[in-house]
Amino acid sequence: MAVKVVRRRELTFSEQLYVPQILAGLKVTSAHFFRNLALHVAHSLGLLTHLSASVTFQYPEQPRPLAARFRSRHRLTVREEGTPRCVACMLCETVCPAKCITIVAGEHPDPNVEKYPVRFDIDLGVCVYCGYCVEVCPEDAIRMDTGILDVAAYSRDEMKLDIHELMDPALRKPLGDCSCSLRFPHQCRPAGGPMKGDWTGIYGETPNVSKPLVDRPRTCMPIKH
Amino acid sequence: MITDLAIKLVLAGIVFFGVLNLAGLHTWIERKQSAIIQDRIGANRASILGFRLMGLFHPLADAVKMFTKEDIIPAGADRVLHTLAPVFSVFFALVAFAAIPFGDRLLLGDRVIELQVAKIDVGLLYIFAMLSLGVYGVILAGFASRSNYAVMGGLRATAQMISYEIALGIAIIGIVMVYGTMDLQELVRGQGRHLGGWLPLWGIVVQPVAFFVFLTAALAETKRVPFDLPEGESEIIGYFVEYSGMKFGMFFLTDFLETIMVACLATTLFFGGWQVPYLTPNGFQFPWGSTLPISHWAYVFFGIASFSTKVLVFCWLFMQLRWTLPRFRYDQLMRLGWLGLFPISVANLLITGVLLALFTEGF
C-alpha cells in the first residue's frame, strides 16, 4: 500500500504577518457590506429592484418556488361533475408504509365504476410523505402537488384530513363539524361520521343507472389555492 | 458648589445615556451588520403596532426577555459572589468612561466646563486600572459558579486578559512619551498641532506600530472575536456558563461596553479625540492660508460630533473584524500575545525613546 505524504503548505512571509491577510478578509466582507447596504437603501427608495441585496425569502409573505416534483400535501383528484376519481381499490391504503390512509368503500351508482370511497382519511401526523400512494394509484386519483407545506395544528385530531379537505385543497383546518355549506355531489361519510350528501344531483332520483349520464373525463380539475 | 455638582451630574448623565444606549444598540448593530455582510436581512420581525423599524425593537424585546427570565443560582454556589460578579463587570466597565474627554472646554458665561466627567491627571492610568479590575468580574464568575467548566473558563479568560494587558500598556507608553502627559484631555490637545503645517499630529501618525499593537491587544482584552475563546458562547464553555437571565445579560453588556471603551480609547489616543483637522478654537485655519471663523458653540459641537463619529467608525470596524476573522486557538493566542505583540511593543518603546532623545525639538 502506497503511502502518500501530504505536506502542509508553509505560510509565506506576508501570510505570517497576519495583517495583509486580515485586510484581504476585510476587503471581502466590506465589499459585501457596502454593496448590500447601498442596495438596501436603493430598494427603500424604489430603485434597482432587479438587483437583490439578500438571498433571504421572507417566508410566510414570500413563499419559495417549489420544484415541479416536490411532494407536498395530498389531494384527491375529481371528475368533471365533482365526484372523486378514486374507485376505492385500496392500493394506496395497502402500500402505505406509515398506514396513515383509511378508506371505506361504497357502491357507486354507476355500475361501470363499481366502487367509490365513502370515507378517505389521511392522518398527516403519521404520513411520511413518501409518495407511494401517488405512484401506486391506477386512476391518477391521488396527487401530492398542492404546494401546501405548512401543515400545522394544535392537536393530533386536526392533523387528520377527511375527504372534503382532500378533494378541495383550499379548505383548511379547522373546518368545524363539516355540516356547513360544503356541497358534495355524492354520498360520503367524512371521518366516520354520519352519511352526508347524495347522488341525485348527478344521477337524478334513480340511484342505479346502467349508463352514466356523464362521460368519465380523464383530466383533472385545476387546483384551487 | 451646587452648580458644580449639577454640571458634573449632567455630564455623567450625558455620558451614561450615550454609552448605555450605544451598548444596547450594539446587539442590533451586531445582528444587522452580520446579516448584511452575509447577504441576509437580519432580525426584522419584532414590531410595535405594526411598525418594525428595521428590527430596532429587537434590543427592546431582548431586554424584556432577559429581565423576565428565571435567574438560576446553582446549588452550592456562593450566592453573594455569584450575584456580585456581573455587577463588578458592568460597574468597572462603566466607571472607566468617566475619564474619556468627548469635547473641548465649553465656555458658559464665565464658567469653563471641560467636556469630561472627571478631569483626572492620570486619566490613562485610571482607565487601565478600571479595565484591569474587570478581570475580577470574570474570575469571580468562574469561581463562584461551583462548576469546573466555569472555573476553567474563568482561568482561561484571566490568563488571556492579563497577558494582553501587558502589551496594551507598553504600547500606550509610547504615546505617553511623545505627548508627555497622562491627562487624556491634555493628550487630545497635544494632538491638535500639525506636522509641517498640514498633517495632523495624531497618535496614529507618530506611533503607527503602537496603534496596531494597541488595537490587537484591546480586542483581546474585550474578549471579542477573534479572541473570544473565554466566552465561546456555545462551543467552548466559558466563565458565565452558570448564568442566566439578566446576570448573563450583564456580562454581555460588559462586552459591548468594553468594545465601546476600546473604541473611545483608540479615538482618544490615536485619532485625535475630539480634534477636527485644521480646526482651532477660533475657527478653521487651512494649510493654504485661508481661515473660516466659527462661533464657540459650533466649535464645541464640531468637537463632539468628531469624537462620536470616530467612535462609531471604530465600533463598525470592530464588528466588521468580528464577522471576518475566525477564532484563535488557545496556544496561538498565547503565542501571539507573548511572542508577537509583547516584543513588538517593547521594540517600539525603545525606538521611540531613542528618536525622542535625538530629535526632542522635532515634535
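Residues numbered from 1 in each chain as written. Chains lettered and ligands numbered in written order. Predicted model: local features only at pLDDT ≥ 70, side-chain atom pairs only at ≥ 80, totals over all residues.

Visitor: Mind laying out the overall build of chain A, listing which residues take part and the relevant values?
Guide: Helix and strand content of chain A: six helices and five strands. Going from the N terminus to the C terminus, chain A shows its helices and strands as α-α-β-α-β-β-α-β-β-α-α. Within chain A, buried positions represent 21% of all 225 residues. Taking all contacts inside chain A whose residues are at least 6 apart in sequence as the whole, residues at least 24 apart take part in 62%. (Helix = DSSP H or I, 4+ residues; strand = E, 2+ residues; numbered from the N terminus. Buried ≥ 20, exposed ≤ 12 C-beta atoms within 10 Å, placed from the backbone. Contact = placed C-beta atoms within 7 Å.)

Visitor: So, the overall build of chain B: which residues are in play, and what are the values?
Guide: When helices and strands are tallied, chain B shows 11 helices and seven strands. Each principal axis of the C-alpha atoms in chain B carries an extent, and together these give about 70 × 55 × 50 Å. Within the span of chain B, comprising 363 residues, buried residues form 40% of the whole.

Visitor: Help me get a handle on the interface of chain A and chain B, residues and values and all.
Guide: Frequently, the measure chosen for interface size is the accessible area removed from exposure when the parts meet. Between chain A and chain B, the residue contacts involve 12 residues of the former and 10 residues of the latter. Classifying every residue of the side of chain A that touches chain B by side-chain character gives five nonpolar, seven polar and no charged. (Nonpolar A, V, L, I, M, F, W, Y, C, P; charged D, E, K, R; others polar.)

Visitor: Provide a residue-level description of the packing of helix α8 (residues 208–221) of chain B against helix α11 (residues 330–358) of chain B, including the pertinent values.
Guide: All names here are of chain B. At their nearest, the axes of α8 and α11 sit 10 Å apart, and the two run at 145° to each other. α11 is crossed by α8, and the crossing has left-handed handedness. Note on element contacts: α11 touches α8 through G337, L341, I344, S345 and N348, opposite V209, A210, V213, T216, A217 and A220. Looking at side-chain class alone, the contact of α8 with α11 contains seven nonpolar, four polar and no charged residues. (Axes fitted to C-alpha atoms, helices over the stretch in contact; angles between N-to-C directions. Left-handed = near helix turned anticlockwise from the far one by under 90°.)

Visitor: Go over the environment of B:L341 with me, naming the residues and quoting the values.
Guide: Residue and element names in this part refer to chain B. The topology assignment puts L341 in helix α11. L341 sits 206 residues away from V135 along the chain, and the two C-alpha atoms are 20 Å apart. When near neighbours in sequence (up to four residues on either side) are disregarded, L341 contacts A167, V213, T216, A217 and L336.

Visitor: Could you give an account of the sheet that holds strand β3 (residues 115–123) of chain A, naming the residues involved and the relevant values?
Guide: All names here are of chain A. With antiparallel pairing, the three strands of this open sheet are ordered in space as β2-β3-β5. Every other strand in the sheet has two partners, leaving β2 (101–107) and β5 (160–161) as the edge strands with one partner each. Across two bridges, the pairing between β3 and β5 is antiparallel. If you follow D123 over to β5, its bridge partner there is K160. (Pairing = 2+ DSSP bridges.)

Visitor: Account for the sheet that holds strand β6 (residues 283–285) of chain B, with residues named and values stated.
Guide: The strand order across the open sheet formed by three strands is β5-β6-β7 (chain B), and the pairing between neighbours is antiparallel. Each having just a single partner strand, β5 (279–280) and β7 (291–293) of chain B make up the two edges of the open sheet.

Visitor: Lay out unusual backbone geometry in plain terms, naming residues and giving numbers.
Guide: All names here are of chain A. A positive phi angle, close to 55°, is found at A88, a residue other than glycine. Note on placement: A88 falls in the loop between β1 (75–76) and α3 (91–95). Located in the positive-phi region is E114, a residue other than glycine, with phi close to 70°. Along the polypeptide, E114 turns up in the loop between β2 and β3.

Visitor: An account of the environment of B:A35 is requested, with residue identities and associated values reported.
Guide: Residue and element names in this part refer to chain B. Note on placement: A35 falls in helix α1 (residues 2–37). Among the residues examined, A35 registers 19 C-beta atoms within 10 Å and is labelled partly exposed. Considering only alpha carbons, one finds A35 and W323, 288 residues apart in sequence, at a separation of 9.8 Å. In this view, A35 contacts R40, I41 and G42; residues no more than four positions away in its chain are not counted.

Visitor: Kindly report on the packing of α1(B) against helix α2 (residues 58–68) of chain B, identifying the contributing residues and their values.
Guide: Residues and elements named next belong to chain B. Interhelical geometry of α1 versus α2 gives an angle of 120° and a closest axis separation of 8 Å. Put simply, α1 runs oblique to α2. In the crossing of α1 with α2, the sense of the turn from one axis to the other is right-handed. For the pair formed by α1 and α2, the contact residues are G24, L25, T27, W28 and R31 on the first element and H58, P59 and D62 on the second. Counted by class, the contact of α1 with α2 contains three nonpolar, three polar and two charged residues. (Parallel < 35°, antiparallel > 145°, perpendicular 65-115°, else oblique.)

Visitor: Quick rundown of the pairing of β3(A)? Include the residues and the values.
Guide: Note that β2(A) and β3(A) share seven bridges and pair antiparallel. Bridge assignment links A:G106 to a residue of β3(A), and that residue is A:Y116.

Visitor: How would you sum up helix α10 (residues 296–322) of chain B? Please name residues and give values.
Guide: Residue and element names in this part refer to chain B. Along its 27 residues, α10 runs 39 Å from first to last C-alpha, staying within 8% of the 39 Å computed at 1.5 Å per residue. If you check which residues of α10 are buried, you get Y299, G303, S306, F307, K310, V311, F314, C315, F318 and M319. Against the buried residues of α10 lie α1, α8, α9 (245–270) and β5. (Expected span 1.5 Å × (residues − 1).)

Visitor: Can you tell me about the nonpolar core, naming the residues and giving the values?
Guide: Grouped together as the largest cluster of nonpolar side chains are 83 residues, with contacts concentrated most on B:F214, B:A217, B:I260 and B:A266. Of the residues forming this core, the biggest block, 15 residues, is contributed by α9(B). If you look at the next biggest cluster of nonpolar residues, it comprises 23 residues, including A:I122, A:L124, A:C133 and A:I163. (Core = buried A, V, L, I, M, F, W, Y, C linked by C-beta atoms within 7 Å.)

Visitor: Could you give an account of the environment of B:Y278, naming the residues involved and the relevant values?
Guide: Residues and elements named next belong to chain B. As for its position among the elements, Y278 is in the loop between α9 and β5. Accessibility expressed as a C-beta count within 10 Å gives 17 for Y278, which makes it partly exposed. Taking C-alpha positions, Y278 is 9.4 Å from T291, a pair spaced 13 residues apart along the chain. What Y278 contacts, discounting residues up to four positions off in sequence, is F284, Q285, F286 and P287.

Visitor: Lay out helix α4 (residues 123–144) of chain B with the relevant residues and their values.
Guide: Taking 1.5 Å per residue as the helical rise, α4(B) with its 22 residues ought to reach 32 Å, and the 32 Å between its terminal C-alpha atoms agrees with that figure. The positive-phi residue at the C-terminal boundary of α4(B) is B:R146, with phi of around 55°.

Visitor: Please set out the confidence of the model for chain A residue by residue, giving values where relevant.
Guide: Residue and element names in this part refer to chain A. Predicted confidence across chain A gives a mean pLDDT of 80, with 81% of residues reaching 70 or more. Taken together, the stretch residues 174–181 has pLDDT below 50 and engages in five contacts with residues farther than four places along the chain or on a different chain. Per-residue pLDDT stays below 50 along residues 209–225; that stretch engages in 23 contacts with residues further than four places along the chain or on separate chains. (pLDDT = per-residue confidence, 0-100.)

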